[in-house]
Amino acid sequence: MTAGVATRLQSAMRRALDLAAEGPAGGPNPQVGCVLLAPDGAVLAEGRHRGAGTPHAEIDALSQLPTGAARGATAVVTLEPCNHTGRTGPCAVALIEAGVARVVFAQRDPYAPASGGAERLRAAGVEVEEGLLAEEAEALNEHWTVAVRRGRPWVTAKWASSLDGRIAAADGTSRWISGPVSRADVHRRRAEHGAIIVGTGTALADDPGLTARREDGSLLSAQPVPVVVGARDVPADALVRRHPRPLLHVRDHRPDAVLAAVAEAGATAVFLEGGPTLVTAFLAAGLVDELLVYLAPTLIGGPRLAIADLGVATIADQRRLDVREVRTLGADLLVVARPVDPGVPHTDSAASA
Ligand SMILES: NC(=O)c1ccc[n+]([C@@H]2O[C@H](COP(=O)([O-])OP(=O)(O)OC[C@H]3O[C@@H](n4cnc5c(N)ncnc54)[C@H](OP(=O)(O)O)[C@@H]3O)[C@@H](O)[C@H]2O)c1
């Protein structure tokens, strides 16, 4: 491959990643983009996946061309073309039938029923290269990829606390601990998840709408499924009942049962917004993949802590976190961290020494 061809393929893959990112996140399907290149390197067509039940990115791109126009083309795709018939037919077959000569894809499909597209293409005589910008593609679909591998939705737990780790005042009021820049960040991140979960304690105390909104209050285009967990009823006049998507009320307290119900509703990434009882249950069960802690420059004191008992009786069992990012948001600090080992308490000989 000449340097010129390699550069063209790389910029086509970057474009395909941008197209992929325009698709909806957090739903049952990954974000995928595709660019079709003519043998001379010119862009013939572009496509992206717009969510479950709509054409895959390759089909979206092919559909913009007259029959026969993709003969001899190179398809640059962010995910291995699928090999199964789901809501749509196999993309590998569509590419073969369109006469595509070469397929360059970034990420291997981790979803077993859909995988095997590369082998099918090769068996039909199509040249296949994989791995170009694979890290970027996996980062884009990290939530979906982890969900497929672990067989449960990705879980992001979020809270806003004072510097002394309190999430509410003694009377239970907690609006607003963090500032407007933090809140805008939360709303943007809500839209990247397929569901938002709160416990009945939070639903009853705060009456949250659980929508993803712009600063002017208008709704963002992607709205996660609102989920309330707990045995108590959600009042008929609760704000969450006016959410554009129907409320999913899970009365079962077990975090794995909650995630199964949410997966059933089509979400591969969930935003767990508290309160402390529910977040503690998920942490204790080893079912949190990432923590977003918005720390406000304030002191509240008192009993309303962000997290309850995690069963850490001795410091050797503390739950170590790997800090991924620390950012200033207005007057607040955002700390993004991941459990070093979500399922097992961290044993640290240095800490116990
Ligand atoms: N600063 C923040 O970021 C933030 C965020 C959220 C909430 N808050 C504050 O937190 C307070 C509410 O705290 P909370 O802990 O009561 O809220 P919560 O965690 O939202 O709700 C607790 C309730 O959820 C149900 N539940 C669901 N799964 C459970 C499980 N695995 N184990 C035990 N119970 C489970 C139980 O209710 P049932 O009896 O109905 O089953 C339980 O009483 C409010 O003051 C709110 O303002 C602050």
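What you are looking at is a predicted structure, and each value in this text was computed from that prediction instead of being measured.

Trainee: Help me understand the environment of Leu44 in this model?
Mentor: Structurally, the position occupied by Leu44 is in strand S2 (residues 43-48). For Leu44, a relative accessible area of 32% puts it in the partly exposed group. For the pair Leu44 and Arg254, spaced 210 residues apart in sequence, the C-alpha to C-alpha distance is 51 Å. In contact with Leu44, other than residues within four places in its own chain, are Leu36, Leu37, Ala38, Leu65, Ala69 and Ala73.

Trainee: It is not clear to me how the site of the ligand should be interpreted in this structure. Could you clarify?
Mentor: Residues in contact with the ligand amount to 25 residues; listed here are only the nearest, Gly172, Thr202, Ala231, His253 and Thr277. One nitrogen or oxygen atom from the side chain of Thr200 is found 2.7 Å from an oxygen atom belonging to the ligand. Arg232 has a polar backbone atom sitting 2.8 Å from an oxygen atom of the ligand. Notes on the ligand: free accessible area 940 Å², of which the protein chains cover 83%. If you list the elements that add at least two residues to the shell around the ligand, you get strand S6 (154-162), helix H8 (200-206) and helix H10 (276-284). Per-element accounting of the shell around the ligand gives the leading share, five residues, to H8. Classifying every residue of the shell around the ligand by side-chain character gives 10 nonpolar, 11 polar and four charged.

Trainee: Would you mind showing me how to read the sheet that holds S2 here?
Mentor: Whether parallel or antiparallel, the strands of a sheet pair through hydrogen bonds between backbone atoms. The five strands lie next to each other as S2-S1-S3-S4-S5, forming an open sheet whose pairing is mixed. Of all the strands in the sheet, just S2 and strand S5 (127-130) have a single pairing partner and so form its edges. Strand after strand, the sheet turns through a mean of 15° between neighbouring axes, direction not considered. Looking at chain direction, strand S4 (residues 102-107) and S5 are connected through four bridges and run parallel. Counted as the bridge partner of Val104 is Glu129 from S5. Running over the sheet, helix H1 (residues 3-21) touches strand S1 (33-37), S2, strand S3 (74-79), S4 and S5 and is turned about 145° from S1.

Trainee: It is not clear to me how the pattern of salt bridges should be interpreted in this structure. Could you clarify?
Mentor: Two side chains of opposite charge can pair, provided their charged atoms sit close to one another. On inspection of all chains with the given rule, the structure shows 24 salt bridges. Salt bridges linked by common partners bring Asp185, Arg188, Arg189, Glu192, Glu325 and Arg327 together as one network.

Trainee: Sorry if this is basic, but what is going on with the state of the cysteines here?
Mentor: Disulfide: a covalent bond connecting the sulfur atoms of a pair of cysteines. Tallying each qualifying case throughout the model produces zero disulfides. Here Cys34 is not disulfide-linked; the sulfur of Cys91 is the nearest cysteine sulfur, at 8.7 Å. For Cys34, a relative accessible area of 0% corresponds to the buried category. Free cysteine: Cys91, not disulfide-bonded; nearest cysteine sulfur from Cys82 at 3.8 Å. According to the relative accessible area criterion, Cys91 is buried, its value standing at 0%.

Trainee: What exactly am I supposed to notice about the side chain of Gln223 here?
Mentor: Structurally, the position occupied by Gln223 is in the loop between H8 and strand S8 (225-229). For Gln223, the contacting residues outside a window of four places in its chain are Thr211, Ala212, His243, Pro244 and Arg245.

Trainee: Before we go on, may I ask you to explain H1 in this structure?
Mentor: The α-helix winds at 3.6 residues per turn, so residues separated by three or four positions along the chain end up facing the same way. Its 19 residues give H1 an end-to-end C-alpha distance of 27 Å, which sits within 8% of 27 Å, the value for a rise of 1.5 Å per residue. At its buried positions, H1 is contacted by S1, S2, S3, S4, S5 and helix H5 (134-140).

The rules behind the values
- Residues numbered from 1 in each chain as written.
- Predicted model: local features only at pLDDT ≥ 70, side-chain atom pairs only at ≥ 80, totals over all residues.
- Heavy atoms only, no water.
- Helix = DSSP H or I, 4+ residues; strand = E, 2+ residues; numbered from the N terminus.
- Buried < 20%, exposed > 50% of the residue type's maximum accessible area, 1.4 Å probe, protein only.
- Contact = heavy atoms within 4.5 Å.
- Near = heavy atom within 4 Å.
- Polar contact = N/O pair within 3.5 Å; in protein donor to acceptor, adjacent residues only side chain to side chain.
- Areas by Shrake-Rupley, 256 points an atom, 1.4 Å probe, with all protein chains shown as cover.
- Nonpolar A, V, L, I, M, F, W, Y, C, P; charged D, E, K, R; others polar.
- Pairing = 2+ DSSP bridges.
- Axes fitted to C-alpha atoms, helices over the stretch in contact; angles between N-to-C directions.
- Salt bridge = Lys/Arg side-chain N within 4 Å of Asp/Glu carboxyl O.
- Disulfide = S-S within 2.5 Å.
- Expected span 1.5 Å × (residues − 1).

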